[in-house]
Amino acid sequence: MSKKIAFIGAGGIEFTRRLLTDILSVKELRNLQVSFMDINERNLDMVTRLCQRDIDSNGLSIRIQATTNRREALKDADYIVNAVRIGGLEMFETDIDIPLKYGVDQCVGDTMCAGGIMYGQRTIAFMLDLCKDIREVAKKDCLMLNYSNPNAMVTWACNRYGGVNTVGLCHGVQHGERLIAEALQIPHEELDFVCAGINHITWYLSVKHRGQELGGETLLKKLEAHPKYSQEEKVRIDMFKRFGYFSTESNGHLSEYLPWYRKRLDKIKDWIDLSYWIHGETGGYLRFCTENRNWFEVDFPNWMNEAPYSYDGSAVSVEHGAHIIESLETGKIYRGCFNVVNENCITNLPADAVVEVPCYVDANGISVPQLGEIPVGPAAVCESNILVQRLSVEAAVRGDYRLLVQAMMLDPLTGAVCDPDEIAQMTDEMLIAGKDYLPQYREEIKKAEKRIAAAKKNGTYIKTREGFSGSNRLKVKTVEEQKQDALNAKKHALGAGAVENNQ
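Residues numbered from 1 in each chain as written. Predicted model: local features only at pLDDT ≥ 70, side-chain atom pairs only at ≥ 80, totals over all residues. Heavy atoms only, no water.

*Asks:* Describe in detail the overall build of the protein, supporting the description with residues and values.
*Replies:* For the protein, the count of helices and strands is 20 helices and 13 strands. Taking 23 Å as the expected radius of gyration for a compact globule of 503 residues, we find that the protein reaches 22 Å, a close match to that expectation. Its C-alpha atoms put the protein at 70 × 55 × 50 Å along the principal axes. Burial statistics for the protein: of 503 residues in total, 59% are counted as buried. Taking the contacts inside the protein whose residues are at least 6 apart along the sequence as the reference set, 72% of them involve residues at least 24 apart. If you sum the accessible surface of the protein, you get close to 19,800 Å²; carbon and sulfur atoms cover 49% of it. On the protein, the mean spot of the 59 positive side-chain charges and the mean spot of the 69 negative ones are 2 Å from each other. (Helix = DSSP H or I, 4+ residues; strand = E, 2+ residues; numbered from the N terminus. Rg over C-alpha atoms; globule rule 2.2 N^0.38 Å. Buried < 20%, exposed > 50% of the residue type's maximum accessible area, 1.4 Å probe, protein only. Contact = heavy atoms within 4.5 Å. Areas by Shrake-Rupley, 256 points an atom, 1.4 Å probe, with all protein chains shown as cover. Lys, Arg positive; Asp, Glu negative; His and termini not counted. Charge placed at Lys NZ, Arg CZ, Asp CG, Glu CD.)

Below, the structure written as structure tokens:
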């Protein structure tokens, strides 16, 4: 079959390479046309060289089309993989550091909280332009697989306002399944899961082994007694005890979507673990990405000297993307949890929201079962985030400053830490910092600049923790420090995608 797949934001080198390996490990897809697009020419060149070498070594005749021209990459595409990070790590840093001045301590800051909301404003502005190009030059029935965060907000905007059929994909559910299997000491393939909610707050409603339900007290006791998880997953275990179901997302992620665990700077340490960033470290993902980017600059020549990836199926990842394309093109049935417009799949969550639910894929398309109601407690936690997502999407689409401030005020953690005046001032500072990526706020940013300047001049500027680096923040390792632990650095880089692109 001759189909075209376009990778937008292909400069996230290891993620692009890994997903392409998944796709080309499917024999029926080895005739694909492949285009890579990124604005970072250096990263684009590196990922193209790596992936073309893999293709050649596997005996395929595919020639990657690498371009900085988005419309050229999208032309006649059947599938679009979106993996952009708007503003790169430089803007990511402002998403973490500006809220910290106001006491808003985030671990990741890419989904909710002040950082996630502002990240969404940048990304949605870009995505609406991308969707316009897709409508004009891609195949009319194309499908976009969105991997960019904030995933629910971006997927919501593309479907409602972008006019492009978009499915949001994440690997949190798969990783959580493997954690549960390890805690229960049962092989993963023997467990049957039902998981539903919203991206990064999805709940394991059922975990069965040979018909026996193990997802309640049995799993909770195993987690509480586990020597590793009892220390690393304190927030998840506490939420499990209080709401009755285990959540998919890591301790650090989950802690910043809720109002309780990071609101007091002196108590955050009681809920997190610093052995690895994902367990709750202040700015942990920013540090992790920064170290990986710096390390990759040194280590890339070694990658080119290593053995190419094989397309024999031995290196297939847990990502859904390749399975979806395979099922749509061959009819092979695949089941996975995807982010889709609810449309009453979960009847006690809003119909227009984006939910993460079990779906089935075959040649007829993506089918979303009707789950009905989910338990009222977990639904309420999801609803608290959906309200913020809705305001954030509407603010980004309209460039509406008032809605943006409302989203910040209603965000669970931001609202638990800051008063309305602090939130307004913080929002102004974040808008000003991101002005190169927020065209929809051009006039509002001018007003924000005047407000901040006037406040500093007349003494009404709210005092902040200037220079505060966080209560549980680790130092970014230098390349020299990383060299001392080169094998570990390489392992982490491979696990996270290595390089964040600057699309």
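Now that the structure has been shown, we can carry on.
*Asks:* Quick rundown of the pattern of salt bridges? Include the residues and the values.
*Replies:* Scanning all chains against the criterion turns up 33 salt bridges. Residue glutamate 429 pairs with lysine 101 through a salt bridge whose shortest N-O separation is 2.9 Å. Pair noted here: glutamate 429 is in helix H17 (residues 420-433) and lysine 101 is in helix H4 (residues 88-101), with a separation of 328 residues, a long-range link. Lysine 101 matches glutamate 429 in its accessibility class, with the two residues each being buried. With a closest N to O distance of 3.1 Å, glutamate 291 and arginine 287 form a salt bridge. You can see glutamate 291 and its partner arginine 287 sitting in helix H12 (residues 284-305), four residues apart, about one turn around the helix. Comparing glutamate 291 with arginine 287 shows no difference in burial state: the two are buried. Salt bridges sharing partners connect three or more residues here, namely Arg70, Arg71, Lys132, Asp133 and Glu136. (Salt bridge = Lys/Arg side-chain N within 4 Å of Asp/Glu carboxyl O.)

*Asks:* Give me the lowdown on the environment of alanine 455, citing residues and values where you can.
*Replies:* Within the fold, alanine 455 resides in helix H18 (residues 442-458). For alanine 455, a relative accessible area of 11% puts it in the buried group. Expressed as a C-alpha distance, the spacing of alanine 455 and leucine 403, which sit 52 residues apart in the sequence, is 22 Å. Sequence-distant contacts of alanine 455, that is, excluding residues within four places in its chain, are made with Thr460 and Tyr461.

*Asks:* Give a description of the state of the cysteines that names residues and reports values.
*Replies:* A complete count under the given rule lists zero disulfides for this structure. The thiol of cysteine 170 is not disulfide-bonded; the next cysteine sulfur, from cysteine 337, is found 10 Å away. For the unlinked cysteine cysteine 359, the closest cysteine sulfur is that of cysteine 345, found at 6.9 Å. (Disulfide = S-S within 2.5 Å.)

*Asks:* Please provide a residue-by-residue account of the environment of alanine 125, values included.
*Replies:* With respect to the element layout, alanine 125 can be found in helix H5 (residues 113-137). On a C-alpha basis, the gap between alanine 125 and valine 154 in space is 9.6 Å, while along the polypeptide they are 29 residues apart. Setting aside its immediate chain neighbours within four residues, alanine 125 contacts Tyr437, Pro439 and Gln440.

*Asks:* Pulling in residues and values, what's your account of unusual backbone geometry?
*Replies:* Note the cis peptide between asparagine 149 and proline 150, where omega equals -5°. Among the secondary structure elements, proline 150 is positioned in the loop between strand S5 (143-146) and helix H6 (151-160). Positioned with a positive phi, glutamine 185 is a non-glycine residue whose angle comes to about 60°. Here glutamine 185 shows up in the loop between helix H7 (172-184) and strand S7 (191-198). Although it is not a glycine, asparagine 344 sits at a positive phi angle of roughly 70°. Structurally, the position occupied by asparagine 344 is in the loop between strand S11 (334-341) and strand S12 (354-362). Residue classification places asparagine 344 among the partly exposed residues on the basis of a relative accessible area of 39%.

*Asks:* Give me the lowdown on H7, citing residues and values where you can.
*Replies:* Since there are 3.6 residues in each turn of an α-helix, residues three or four apart along the chain are aligned in direction. With 13 residues, H7 ought to run about 18 Å at 1.5 Å a step, and its terminal C-alpha atoms sit 18 Å apart, in line with that. Summarising burial for H7: ten of the 13 residues are buried, a large majority. Turning to H7, its buried residues are Gly172, Val173, Gln174, Gly176, Glu177, Leu179, Ile180, Ala181, Ala183 and Leu184. In the segment just after H7, glutamine 185 is the residue with positive phi, at about 60°. (Expected span 1.5 Å × (residues − 1).)

*Asks:* I'd like a description of the nonpolar core, backed by residues and values.
*Replies:* Soluble globular proteins tend to bury their nonpolar side chains together. Grouped together as the largest cluster of nonpolar side chains are 102 residues, with contacts concentrated most on Phe7, Ile23 and Phe36. Each residue touching isoleucine 23, except ones within four places of it in the same chain, is listed here: Ile5, Phe7, Leu29, Leu32, Ala322 and Ile325. (Core = buried A, V, L, I, M, F, W, Y, C linked by side-chain atoms within 4.5 Å.)

*Asks:* Requested: an account of the packing of helix H14 (residues 376-398) against helix H15 (residues 401-410), with residues and values cited.
*Replies:* Relative orientation of the contacting elements H14 and H15 amounts to 160°, with a least axis distance of 8 Å. As judged from the angle between their axes, H14 and H15 are roughly antiparallel. Crossing hand, H14 versus H15: left-handed. Residue-level contacts link Val388, Leu391, Ser392, Glu394, Ala395 and Arg398 of H14 to Leu403, Leu404, Gln406, Ala407 and Leu410 of H15. Grouping the amino acids of the contact of H14 with H15 by side-chain chemistry returns seven nonpolar, two polar and two charged. (Axes fitted to C-alpha atoms, helices over the stretch in contact; angles between N-to-C directions. Parallel < 35°, antiparallel > 145°, perpendicular 65-115°, else oblique. Left-handed = near helix turned anticlockwise from the far one by under 90°. Nonpolar A, V, L, I, M, F, W, Y, C, P; charged D, E, K, R; others polar.)

*Asks:* Hey, could you go over the environment of glutamine 370 for me, with residue numbers and the actual values?
*Replies:* Its place among the elements puts glutamine 370 in the loop between strand S13 (365-367) and H14. The spatial distance from the C-alpha of glutamine 370 to the C-alpha of proline 358 is 9.6 Å, given a sequence separation of twelve residues. Among all residues touching glutamine 370, those that are not within four sequence positions of it are Glu343, Asn344 and Cys345.

*Asks:* Can you lay out helix H10 (residues 234-243) for me, pointing to particular residues and giving the numbers?
*Replies:* Those residues of H10 not exposed but buried are Val235, Arg236, Ile237, Asp238, Met239 and Phe240. Following H10 by one or two positions, glycine 244 adopts a phi angle in the positive range, close to 90°.

*Asks:* Before we move on, could you go through a positive patch on the surface and cite the residues and values that matter?
*Replies:* A grouping of Lys263, Arg264, Lys267 and Lys269 is seen on the molecular surface, where their side chains present a positively charged patch. With respect to the helices, strands and loops of the structure, arginine 264 is situated in the loop between helix H11 (251-255) and H12. You can call arginine 264 partly exposed: its relative accessible area is 48%. (Patch = residues over 30% accessible without salt bridge, like charges linked within 9 Å, V, L, I, M, F, W, Y side chains within 5 Å.)

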